[in-house]
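Tertiary structure, described
Listed below, chain by chain, are the residues.
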Amino acid sequence: MAVHGSLFRDFHETTSPDPFSNQNKKLLKIQMSYGPVWAKNGSMVAYQGDVRFENKGAGGLGKMFKSAVTGEGVDMMQCTGQGDLFLADNAHDVQILYLEDDALSVNGRNVLAFSASIAWDIHRLQARGAAMTGGLYNVSLRGTGFVAVTTDGEPVALDVASAPTFADAQAVVLWTAGVSSDIRVSTGGLKSMVRGGTGETFQMAFGGQGHVLVQPSESVGGGGQQSSGKSGGGLGDLFG
């Protein structure tokens, strides 16, 4: 007896020399022989070998308190052992970056996994001159190692130095060190809503040097809250 067809050939496990690699565009493969990793809680879909998981919640009392206050849902698990680990999040696309003594500011719901060598924390982008702002919260990642994020569809990476750059706060995935951010009020406002427009009153404005990654979807809920007012500075403020 035999099973015929191309299924097992077309979707055979890939090989890569890198600790983090794409099994396909929606599935992350991690080689655990390179050391422990942090992964979003519940993102494991399969593993081969001896891989162990420890639920760390929001990563300590300080981060748990920030998570409760901010609504930033960044429950993480620590993964250790030997073998191959496969991670995914609701069939969203997986994007892999390598940081070399650098930093990112990432929307919490887009974080999938990162090397244990990467330091992380939850930060509020401080508002300027806005008494009623609720603030915008992101996850800061800093150091040297691999980072995997998810995007709802194929994103666009915008060079903020090339032109004034604006985006819906709910569509922003991450931005790099050297990028500054502000919250601005769109000109449509209530009239836009009444006339059948989007009603997207608040936008993020970016400047400085670097890139901002924007997905083709407005992910509402979870981390990265949209708010009024202005947020100062970018990663200089996050890691100051």
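What this report covers is the structure whose coordinates are included nearby. What you see is a predicted model, and the numbers here were worked out from it, not measured in a lab.

1. Looking at the side chain of Thr 165
Structurally, Thr 165 is set in strand S11 (residues 165-168). Among the polar contacts made by the side chain of Thr 165, one reaches the main-chain carbonyl oxygen of Ala 163 at a distance of 2.9 Å. Residue contacts for Thr 165: discarding those within four places in its chain leaves Leu 158, Asp 159, Val 160, Met 204, Ala 205, Phe 206 and Val 212.

2. Structural notes on unusual backbone geometry
Positioned with a positive phi, Ala 91 is a non-glycine residue whose angle comes to about 60 degrees. Following the sequence through the fold, Ala 91 ends up in the loop between strand S5 (76-87) and strand S6 (93-106). Judged by its relative accessible area of 48%, Ala 91 falls in the partly exposed class. Although it is not a glycine, Asp 101 sits at a positive phi angle of roughly 50 degrees. Residue placement: Asp 101 occurs in strand S6.

3. Digging into the pairing of strand S12 (residues 172-176)
Two faces belong to every sheet, and in a regular strand the side chains alternate between them. Most of S12 sits out of view: 4 of its 5 residues are buried. Pairing of S6 with S12 involves 3 bridges; the strand directions are antiparallel. In the sheet register, Ser 105 faces S12, and the bridge partner there is Trp 175. Note: S12 against strand S15 (residues 211-214), 3 bridges, orientation antiparallel. Paired with Val 172 across the strands is Val 214, a residue of S15.

4. Some remarks on the pattern of salt bridges
For the coordinates displayed, the defined rule picks out 6 salt bridges. Asp 84 is paired through a salt bridge with Lys 29; the nearest N and O atoms lie 4.0 Å apart. Residue Asp 84 is found in strand S5, and its partner Lys 29 is found in strand S2 (residues 27-31); the two are separated by 55 residues along the sequence. Judged by relative accessible area, Lys 29 falls into the buried class, the value being 6%. Across the pair Asp 89 and Lys 40 runs a salt bridge, and its minimum N-O distance is 3.1 Å. Taken as a pair, Asp 89 in the loop between S5 and S6 and Lys 40 in strand S3 (residues 37-40) lie far apart in primary sequence, 49 residues in all. Lys 40 sits in the buried class, given a relative accessible area of 14%. Each of Glu 13, Lys 29 and Asp 84 takes part in salt bridges that share partners, so that together they form one network.

Cut-offs applied
- Residues numbered from 1 in each chain as written.
- Predicted model: local features only at pLDDT ≥ 70, side-chain atom pairs only at ≥ 80, totals over all residues.
- Heavy atoms only, no water.
- Helix = DSSP H or I, 4+ residues; strand = E, 2+ residues; numbered from the N terminus.
- Polar contact = N/O pair within 3.5 Å; in protein donor to acceptor, adjacent residues only side chain to side chain.
- Contact = heavy atoms within 4.5 Å.
- Buried < 20%, exposed > 50% of the residue type's maximum accessible area, 1.4 Å probe, protein only.
- Pairing = 2+ DSSP bridges.
- Salt bridge = Lys/Arg side-chain N within 4 Å of Asp/Glu carboxyl O.

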